[in-house]
Amino acid sequence: MPETKQKKPIIQLVDVYKEYRAGTISTLALKRVNFQIHREQVIAIMGPSGSGKTTLLNMIGLLDRPTKGKIFFDGLDVLRLDDKTLANLRNTKLGFVFQTFNLVNRLSVFENVELPLIPRGIPRGVRAKMVLDAIIKVGGDESWLSKKPNQLSGGQQQRVAIARAIVGKPVVLLADEPTGNLDRASAKVVVKTFLNLNKAGHTVVVVTHDPEVANCMDKIYVIRDGEIIDEYSSNKAESLINKV
Amino acid sequence: MLADFLRLSLKALSERRARAVLTIVGIAIGPLILVMMSSVVGSYSEYIVERITSLGQNAIAIFPTENYRLDAEDLNYIRTFDAVKRAEPFYNTQGIVKRGTEETKVSIFAVDYNLLFEAIGSLEIGEGAIPPETDTLSSIIGRKIAFKDDTRHFSLHDVLTVTVPKIEGGKITGKKTVNVVVSAILEEYGGALIVDPDSTIFMSLEAGRRLLGLDKWSGVLVLADNPANVKPTVSALRQYYEEKVQIIAFSSIAEAISSVTSAITFINFSTSLSAFAVAVAGVAATMITSVMERTREIGVMKAIGYTNFQILLMILLESIMMSLVGATAGISTGVVGAYILSSRGFRIGGIGESGITLQLNPLITPTLIIQTLALTILIGLAGGVLPAYRASKIPPVVALRYE
Ligand SMILES: Nc1ncnc2c1ncn2[C@@H]1O[C@H](COP(=O)(O)OP(=O)(O)OP(=O)(O)O)[C@@H](O)[C@H]1O
Ligand SMILES: [Mg+2]
């Protein structure tokens, strides 16, 4: 790994705590998390259900604020930014792939994918080209564009969701169990897409239960009960997916 | 960018078409009532006020009650007022004119010609000329006496035979006929209220006294020097005469009618406001449901970078679009309704036979349309603002977890 990548993290979490309160019950979902992601890394976050993976991803994705601690995005102190600035950062620098595709079913594939481009004020003609590029990158084709999401298979829908996340050329792509609902073959396509995006210069963070998926990444973080308990470089060579 | 937000809002609306249509119907009722009622009431009141105003803003008519007799002494007293420019007595009765085989009811008005033309400014001679006051055989007749539709019945210098009540000792004892010569024919005056010059025979005061045999003045016609002095003169006269005479100023009739119609307009406006209030509640209910159903979607949009304001705008555009469609539907059915309503006509009574049936087109002004449109758009704003604000404030993580 080149030295420059290590120098300035794109995302840095410092002593981050997150506590959920529902009436008298409180859950400490993140405990003193210290964690950095550098540009052009591709990393996996693993852990059992309820361990705090989604919570962590929400912090990284500037979707939620920590109860305690600091978050830096590209050197900016996130806690000092207002809602509007955060929204603009999410729009221009981040891409999300949700656990449950979260596509809008009344809109066509095209309209779903162009959604993040609208707040940026990108003209229609330019958007059309960007949408098609994104769809092709995830292994889809033009015929998908006019379809409604529910006319596609689960794997195809997840790829549309990925296309929506990458259409704006985000610096960081965040994916929450992107392969959780997919069969092996579809999962492979999705992982390949991530690795290709990483090669193209995107930083990729993938939450996964699947060791095989995790093994395709540069680095794996293990989280349990809201704490990062382990961190190691994966053995990419051993990955089954890479052997295919 | 706004076009894209409009498109997104439109898509959201068209997904729940039935609900949107029902809400729009609810919205449309307010503008419908407002446009229909206001334009009809407006046209009639404008017409009535205009006609009455044309009768002369300076004129005051004084009618004695049954037991009182106006005489030269009264006339002199009335003339002592500084504000009184002229005051002349008049006789007034009804008669019947034979036109071929048909009989027509007419009003007969005997008064100083100059005063008459001064009091009713819009009265004009069509044919002939005003006869001299001393010519007690001549008369000026209304357009509708000389013509029926477009057929001429009487020309200048024709002799008109009029059947009038025969009066002896102040009592009607039978009928008699009198003959008058047509010296002038008036231009058409148009649907009049209170007095109808088109079906009136005007003659000089002296002719009235001689021909009609009236010995008691029907009243005194007074002309004030300017409209501002009408009111004080009327109250001074009322104070002096108390219950002995009735005093009517055309300007105060116009005023009374104006105030009645503005009361009607106000009632109509309040009625439509309650329709508007119901519509606001309807829009709010629709939008709250719609926002709830789309909570997750709103979460996704926020996650991918839509700002709170953009979410607010998108939801608000939905309700505004519904109100725009509702306004268009309501205003256009209101216009149709107004024409249907006013096509039935409306009868207005006058003195004697001078009542007329008015059939006017509704008064649909750009102001009315714009006001109604603005008010209806306000419905969308008012009904949509709370749901839109709430939607814009949901934290994205909460919205994304929403089932
Ligand atoms: N909004 C919330 N309110 C209360 N508790 C919450 C909330 N969100 C998460 N939690 C709790 O925080 C802990 C971490 O949740 P999180 O969703 O981050 O887990 P996860 O690792 O993503 O699990 P999974 O693999 O099942 O998706 C859990 O105990 C969960 O019950
Ligand atoms: Mg999760």
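Residues numbered from 1 in each chain as written. Chains lettered and ligands numbered in written order. Predicted model: local features only at pLDDT ≥ 70, side-chain atom pairs only at ≥ 80, totals over all residues. Heavy atoms only, no water.

## So, the overall build of chain A
Step number 1: From N to C terminus, chain A includes nine helices and 10 strands.
Step number 2: Its C-alpha radius of gyration of 18 Å places chain A within 12% of the 18 Å reference for a compact globule of 244 residues.
Step number 3: Referenced to the eigenvectors of the C-alpha coordinate spread, the extents of chain A come out at roughly 45 × 45 × 40 Å.
Step number 4: Burial status across chain A gives 54% buried among its 244 residues.
Step number 5: For chain A, contacts bridging at least 24 residues in sequence account for 67% of all contacts bridging at least 6.
Step number 6: In the structure as shown, chain A presents an accessible area of about 10,700 Å², 50% of it carried by carbon and sulfur atoms.
Step number 7: Looking at chain A, you have 35 positive and 25 negative side-chain charges, and the mean spots of the two groups are 4 Å apart. (Helix = DSSP H or I, 4+ residues; strand = E, 2+ residues; numbered from the N terminus. Rg over C-alpha atoms; globule rule 2.2 N^0.38 Å. Buried < 20%, exposed > 50% of the residue type's maximum accessible area, 1.4 Å probe, protein only. Contact = heavy atoms within 4.5 Å. Areas by Shrake-Rupley, 256 points an atom, 1.4 Å probe, with all protein chains shown as cover. Lys, Arg positive; Asp, Glu negative; His and termini not counted. Charge placed at Lys NZ, Arg CZ, Asp CG, Glu CD.)

## With respect to unusual backbone geometry
All names here are of chain A.
Step number 1: Its identity is not glycine, yet Arg32 carries a phi of approximately 45 degrees, on the positive side.
Step number 2: Relative to the helices and strands, Arg32 is located in strand β2 (residues 25-38).
Step number 3: Given a relative accessible area of 52%, Arg32 falls into the exposed group.
Step number 4: Phi at Asn102 takes a positive value of approximately 55 degrees, unusual for a residue other than glycine.
Step number 5: Following the sequence through the fold, Asn102 ends up in the loop between β6 (94-97) and α4 (109-114).
Step number 6: Given the relative accessible area of 13%, Asn102 is considered buried.

## Details of the packing of aromatic side chains
All names here are of chain B.
Step number 1: For the structure shown, the criterion picks out 11 aromatic pairs over all chains.
Step number 2: Summarising the aromatic geometry, the rings of Phe5 and Tyr306 are spaced 6.1 Å apart at their centres and angled 85 degrees between planes, so their arrangement reads as edge-to-face. Note that Phe5 is positioned in helix α1 (residues 2-15) and Tyr306 in the loop between α9 (295-303) and α10 (308-343), a separation of 301 residues in sequence. Taken individually, Phe5 and Tyr306 each receive the classification buried, so the pair is uniform in this respect.
Step number 3: With 6.1 Å between their ring centres and 75 degrees between their planes, Phe109 and Phe202 make a pair best called edge-to-face. Highlighted residues: Phe109 in strand β3 (residues 102-110) and Phe202 in strand β10 (residues 200-203), separated in sequence by 93 residues.
Step number 4: For Phe109, a relative accessible area of 15% corresponds to the buried category.
Step number 5: The exposure class of Phe202 is buried, given its relative accessible area of 4%. (Phe/Tyr/Trp six-rings, centres within 6.5 Å; stacked < 30°, edge-to-face > 60°.)

## Here we look at the packing of α9 of chain B against α10 of chain B
Residues and elements named next belong to chain B.
Step number 1: In the contact formed by α9 and α10, the axes pass within 10 Å of each other and the chain directions differ by 140 degrees. Of the possible angle classes, the one that applies to α9 and α10 is oblique. Here the hand of the crossing between α9 and α10 comes out right-handed. Across the interface between the two elements, Ile298, Met301 and Lys302 from α9 touch Asn308, Ile311, Met314 and Ile315 from α10.
Step number 2: A per-class count over the contact of α9 with α10 returns five nonpolar, one polar and one charged. (Axes fitted to C-alpha atoms, helices over the stretch in contact; angles between N-to-C directions. Parallel < 35°, antiparallel > 145°, perpendicular 65-115°, else oblique. Left-handed = near helix turned anticlockwise from the far one by under 90°. Nonpolar A, V, L, I, M, F, W, Y, C, P; charged D, E, K, R; others polar.)

## Examining the interface of chain B and chain A
Step number 1: In this assembly, 24 residues from chain B lie in contact with 26 residues from chain A.
Step number 2: Buried surface at the junction of chain B and chain A, both sides included, amounts to about 2,200 Å², of which 58% is carbon and sulfur.
Step number 3: Area buried by chain B at its contact with chain A is led by Arg7, Ile304 and Val397 of chain B, which between them contribute 24% of it.
Step number 4: Our enumeration of links across chain B and chain A arrives at six salt bridges.
Step number 5: Here Glu15 of chain B makes a salt bridge to Arg106 of chain A, at a shortest N to O gap of 3.3 Å.
Step number 6: There are 13 residue pairs in polar contact (both at pLDDT 80 or more) connecting chain B and chain A.
Step number 7: Those elements that place two or more of their residues in the side of chain B that touches chain A are α1, α9, α10 and α12 (396-401) of chain B.
Step number 8: Ranked by residue count, the leading element in the side of chain B that touches chain A is α1 of chain B, at seven residues. (Buried area = accessible area lost by both parts, 1.4 Å probe. Salt bridge = Lys/Arg side-chain N within 4 Å of Asp/Glu carboxyl O. Polar contact = N/O pair within 3.5 Å; in protein donor to acceptor, adjacent residues only side chain to side chain.)

## Here's the deal with the packing of helix α8 (residues 250-293) of chain B against α10 of chain B
Relative placement of two packed helices is described by the angle separating their axes and the distance separating the axes.
Residue and element names in this part refer to chain B.
Step number 1: Between α8 and α10, the least distance of the axes is 11 Å, while the angle of their chain directions is 140 degrees. Judged by the inter-axis angle, α8 sits oblique to α10. In this structure, α8 crosses over α10, and the sense of that crossing is right-handed. Between α8 and α10, the contacting residues are Val283, Thr286, Met287, Ser290 and Val291 on the first element and Ile315, Glu318, Ser319 and Met322 on the second.
Step number 2: Grouping the constituent residues of the contact of α8 with α10 by class yields five nonpolar, three polar and one charged.

## Observations regarding the sheet that holds strand β8 (residues 203-207) of chain A
Residues and elements named next belong to chain A.
Step number 1: Taking strand neighbours across the sheet as the criterion, the six strands line up as β6-β7-β8-β3-β9-β10 in an open arrangement whose pairing is mixed. This sheet does not close on itself; its edge strands, each paired only once, are β6 and β10 (227-233). Pairs of neighbouring strands in the sheet enclose a mean axial angle of 15 degrees, with direction left out of account.
Step number 2: Looking at chain direction, strand β3 (residues 42-46) and strand β9 (residues 219-224) are connected through four bridges and run parallel. What sits directly across from Ala44, in β9, is Ile220.
Step number 3: Helix α3 (residues 83-93) contacts β6 and β7 (172-176) of the sheet and is inclined by roughly 80 degrees relative to β6. (Pairing = 2+ DSSP bridges.)

## As for the nonpolar core
Residues and elements named next belong to chain B.
Step number 1: Among the nonpolar cores identified, the biggest contains 74 residues, and Ile62, Leu160, Val162 and Ile201 are the most heavily contacted of them.
Step number 2: Considering each element in turn, this core owes the most residues, seven residues, to helix α2 (residues 17-54).
Step number 3: If you count residues domain by domain, this core takes at least three from each of domain 1 (2-53 + 257-401) and domain 2 (59-225).
Step number 4: Beyond its immediate sequence surroundings of up to four residues, Leu160 is in contact with Val97, Ile141, Ile145, Phe154, Val178, Asn179, Val180, Val182 and Ile201. (Core = buried A, V, L, I, M, F, W, Y, C linked by side-chain atoms within 4.5 Å. Domains from an automatic or database assignment.)

## Let's talk about the sheet that holds strand β5 (residues 76-77) of chain A
Residues and elements named next belong to chain A.
Step number 1: Strand order in this open sheet of four strands is β2-β1-β4-β5, and the pairing throughout is antiparallel. The open sheet terminates on both sides in strands that have one partner only, identified here as β2 and β5.
Step number 2: Inspection of the sheet shows strand β4 (residues 68-73) paired to β5 by two bridges, in the antiparallel sense. Across the sheet, residue Phe73 finds its bridge partner in β5, namely Leu76.
Step number 3: Where helix α2 (residues 53-60) meets the sheet, its contacts fall on β1 (9-22), β2 and β4, and the angle it forms with β2 comes to roughly 55 degrees.

## Side note on the site of ligand 1
Step number 1: The environment of ligand 1 is formed by 15 residues, the closest being Ser49, Lys53, Thr54 and Thr55 of chain A together with Arg401 of chain B.
Step number 2: Chain contributions to the surroundings of ligand 1 come from chains A and B.
Step number 3: In the environment of ligand 1, an oxygen atom lies 3.3 Å from a nitrogen or oxygen atom belonging to the backbone of Ser51 of chain A.
Step number 4: With respect to ligand 1, the side chain of Thr54 of chain A contributes an N or O atom lying 2.7 Å from an oxygen atom.
Step number 5: Taken by itself ligand 1 offers 630 Å² of open surface, and the protein chains cover 72% of this.
Step number 6: Of all elements in the fold, only β2 and α2 of chain A reach the threshold of two or more residues within the shell around ligand 1.
Step number 7: For the shell around ligand 1, the element with the most residues is α2 of chain A, which contributes three residues.
Step number 8: Class assignment for the residues of the shell around ligand 1 results in three nonpolar, nine polar and three charged. (Near = heavy atom within 4 Å.)

## What about the domain arrangement of chain B?
For an interface, size is often stated in terms of accessible area lost upon the parts coming together.
Step number 1: Under the domain assignment, chain B is made up of domain 1 (2-53 + 257-401) and domain 2 (59-225).
Step number 2: One C-alpha centre belongs to domain 1 of chain B, the other to domain 2 of chain B; they are set 53 Å apart.

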